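# Residue-level structure breakdown
Residues per chain are reported as follows:
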Amino acid sequence: MKISCVGAGPAGLYFAIVMKRRNPNHEIVVHERNPAGTTHGWGVVFWDDLLATLRTNDPDSARAIADQAVPWSGQVVDVEGQPPLHYGGGGYGICRRRLLQILIERALALGVDIRFESEICEPSQVADADLIVAADGVASQLRRHHADQFRPRIEAGRNKYIWLATTRQFSSFTFGFVPTHAGWVWFHAYSFKEGASTFIVECAPETWNALGLGTMVADAELRVLESIFAKHLDGHELISRDSHDNRLAWSSFRTLVNRSWHADNLVLIGDAAHTTHFTIGSGTRLAIDDAIALASALSEHDSLARALDVFELRRHRALARVQRDARLSAEWFENLPRYIRYNAPTFFTLLLARRSRLLKRIPARTYLYLRDRFTRLTDRTASPFARIGGPAHAFGSKANVGPAGPSLESPAVDAVSAGAG
Ligand SMILES: Cc1cc2nc3c(=O)[nH]c(=O)nc-3n(C[C@H](O)[C@H](O)[C@H](O)COP(=O)(O)OP(=O)(O)OC[C@H]3O[C@@H](n4cnc5c(N)ncnc54)[C@H](O)[C@@H]3O)c2cc1C
């Protein structure tokens, strides 16, 4: 089969790898518009379950990824003015650039033809392909073709965020919340390589405007952010990679859903098909799962149309819950003032429950009361409360590393001391 894969992100590269492993006779070309070695963003998090999937599907790249991954242990919530709280669990961070380099080397070794600085905007540019895989990210150009069939819907989140890095190593996944005269500003940080951590800054648009963010040159703005987070950065600097015209690349997260993921011989995978908010740390994993599912469906069915139908059906089903979780998580951060008025242990409980549909609909105090009653009546911890309480872990995957520092295995649920609400 002749396959043109557009986009050398995790989805496109991993698809090329698993397809080649299944049948080395496939002719696969990956087109990437950027030059080799360039990408956006910094480190991404993942958990053991992804490593297990990678080992099953390509042990060679799995080994290289495991070698380059940096473990982080526990979660920390640090609300200014209150002692930081620690919670168990753990996972890994990896530099996005390194991850892609590993996948590129592996794909090349398997005989995939990777063409950098090759931008594909029209299916007609790769007309000789039997299958065109659009792995060209959330702003997919190929998706515009057959848009009537894909029916994409993009919603921009309210909050502003920016994906930065710092030289400070955060050995736990850390959420830090800092009040300013204009409202709360917070960060999500985790290490992704020796001496470097991802540092995503987020705030409400009103806060962003009132602080004058987005109006300064990049360096000046980084210094402003460093002063806001001075206590957490401990003298380390913030680093930006994605500035445009000397301005920091602030964004509003775009949540994308498509009614359908394939039309004729064009199929969408990864962020081109769906996005999930970064606060559940799943986009890379889902992109890789899409790649594997597409390769499986293609090898199970001789008919391309049938294979694409099966792929889409399986992945649509698998995605429904994660996308719902991601939306709830994004909305939780958009409604931060509802939760941050509580004391730190209660706030932490609410943060861990941010994918709860119930929490979104009722006052936080009522939610805490019901959750507490449920726990007492059933003598079960809060995590089996999942249907209405949401998963107990901050992200949702198999957290498997013990707590770091003073632990708060089950954050306090105290509706009475929870303050106004
Ligand atoms: C702030 C932030 C933090 C995140 N953190 C995490 C995390 O911790 N864990 C996690 O799992 N996920 C995380 N994600 C999500 C993750 O980055 C994406 O879900 C993932 O990169 C999707 O992979 P992809 O291959 O589908 O798309 P991309 O990685 O976007 O790759 C698409 C590729 O296509 C190329 N391309 C685009 N158009 C064309 C064209 N016309 N022709 C040729 N090439 C083209 C692009 O240059 C790019 O290389 C985060 C996302 C954000 C925004």
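Residues numbered from 1 in each chain as written. Predicted model: local features only at pLDDT ≥ 70, side-chain atom pairs only at ≥ 80, totals over all residues. Heavy atoms only, no water.

If you look the protein chain up in an unreviewed UniProt entry, it shows as FAD-dependent monooxygenase from Methylorubrum rhodesianum.

Attention now goes to the site of the ligand. In the neighbourhood of the ligand, 33 residues make up the surrounding shell, with Glu32, Val45, Arg96, Asp271 and Thr284 lying closest. Taking Glu32, its side chain carries an N or O atom lying 2.6 Å from an oxygen atom of the ligand. Between the ligand and the protein, one listed contact pairs an oxygen atom with a backbone N or O atom of Val45 at 2.8 Å. Contributing elements (two or more residues each) for the shell around the ligand: α1 (10–22), β2 (27–32), β3 (43–46), β9 (160–166) and α9 (283–300). Top contributing element to the shell around the ligand by residue count: α9, with four residues. Looking at the shell around the ligand residue by residue, the class counts come to 13 nonpolar, 13 polar and seven charged. (Near = heavy atom within 4 Å. Polar contact = N/O pair within 3.5 Å; in protein donor to acceptor, adjacent residues only side chain to side chain. Helix = DSSP H or I, 4+ residues; strand = E, 2+ residues; numbered from the N terminus. Nonpolar A, V, L, I, M, F, W, Y, C, P; charged D, E, K, R; others polar.)

Here α9 spans 26 Å end to end across 18 residues, near enough to the 26 Å set by a 1.5 Å rise per residue. Judged by how many residues are buried, α9 sits mostly within the fold: 15 of 18 residues are covered. (Expected span 1.5 Å × (residues − 1). Buried < 20%, exposed > 50% of the residue type's maximum accessible area, 1.4 Å probe, protein only.)

Moving on to the sheet that holds strand β4 (residues 70–79). Spatially, β3-β5-β4-β10-β11-β12-β9-β13 is the arrangement adopted by the eight strands of the open sheet, whose pairing is mixed. At either end of the open sheet lies a strand with only one pairing partner, and these are β3 and β13 (238–239). Across two bridges, the pairing between β9 and β13 is antiparallel. Across the sheet, the residue bridging to Ala165 is Ile239, located in β13. (Pairing = 2+ DSSP bridges.)

Moving on to the packing of aromatic side chains. Within this structure, the stated rule accounts for 24 aromatic pairs. Each ring, one from Phe46 and one from Tyr92, has its centre 5.4 Å from the other, and the planes form 25 degrees; the classification is stacked. Of this pair, Phe46 sits in strand β3 while Tyr92 sits in strand β5 (residues 85–95), and the two are 46 residues apart along the sequence. On the basis of relative accessible area, Phe46 is assigned to the buried category, the value being 4%. By way of ring pairs, the aromatic residues Trp47, Trp72, Phe173, Phe175, Phe177, Trp186, Tyr190, Trp332, Phe333, Tyr339 and Phe347 are connected into one cluster. Across the ring face of Trp208, the terminal group of Lys160 is positioned such that the distance to the ring centre comes to 4.4 Å. If you follow Arg168 out to its NZ or CZ, it ends over the ring of Phe170, 4.6 Å from the centre. (Phe/Tyr/Trp six-rings, centres within 6.5 Å; stacked < 30°, edge-to-face > 60°. Lys NZ or Arg CZ within 6 Å of the ring centre and 35° of its normal.)

Here the focus is the packing of helix α3 (residues 59–68) against helix α4 (residues 96–109). Across the interface, α3 lies against α4 with an axial gap of 10 Å and an inter-helix angle of 155 degrees. Of the possible angle classes, the one that applies to α3 and α4 is roughly antiparallel. With respect to the hand of their crossing, α3 and α4 are arranged in right-handed fashion. Residues Asp60, Ser61, Ala64, Ile65 and Gln68 of α3 pack against Arg98, Leu99, Ile102, Leu103 and Arg106 of α4. (Axes fitted to C-alpha atoms, helices over the stretch in contact; angles between N-to-C directions. Parallel < 35°, antiparallel > 145°, perpendicular 65-115°, else oblique. Left-handed = near helix turned anticlockwise from the far one by under 90°. Contact = heavy atoms within 4.5 Å.)

Here we take up the nonpolar core. By size, the foremost hydrophobic cluster in this structure holds 67 residues, and its most contacted members are Tyr14, Phe15, Ile65, Val133 and Leu294. No other element matches α9, which puts 10 residues into this core. Each residue touching Leu294, except ones within four places of it in the same chain, is listed here: Phe15, Val133, Val267, Ile269, Leu308 and Phe311. Formed by 30 residues, the second largest nonpolar core is a distinct cluster that contains Val77, Phe173, Leu336 and Ile340. (Core = buried A, V, L, I, M, F, W, Y, C linked by side-chain atoms within 4.5 Å.)

So, about the environment of Ile114. Among the structural elements, Ile114 can be located in strand β6 (residues 113–116). In sequence terms Ile114 and Ala8 are 106 residues apart; their C-alpha atoms lie 8.1 Å from each other.

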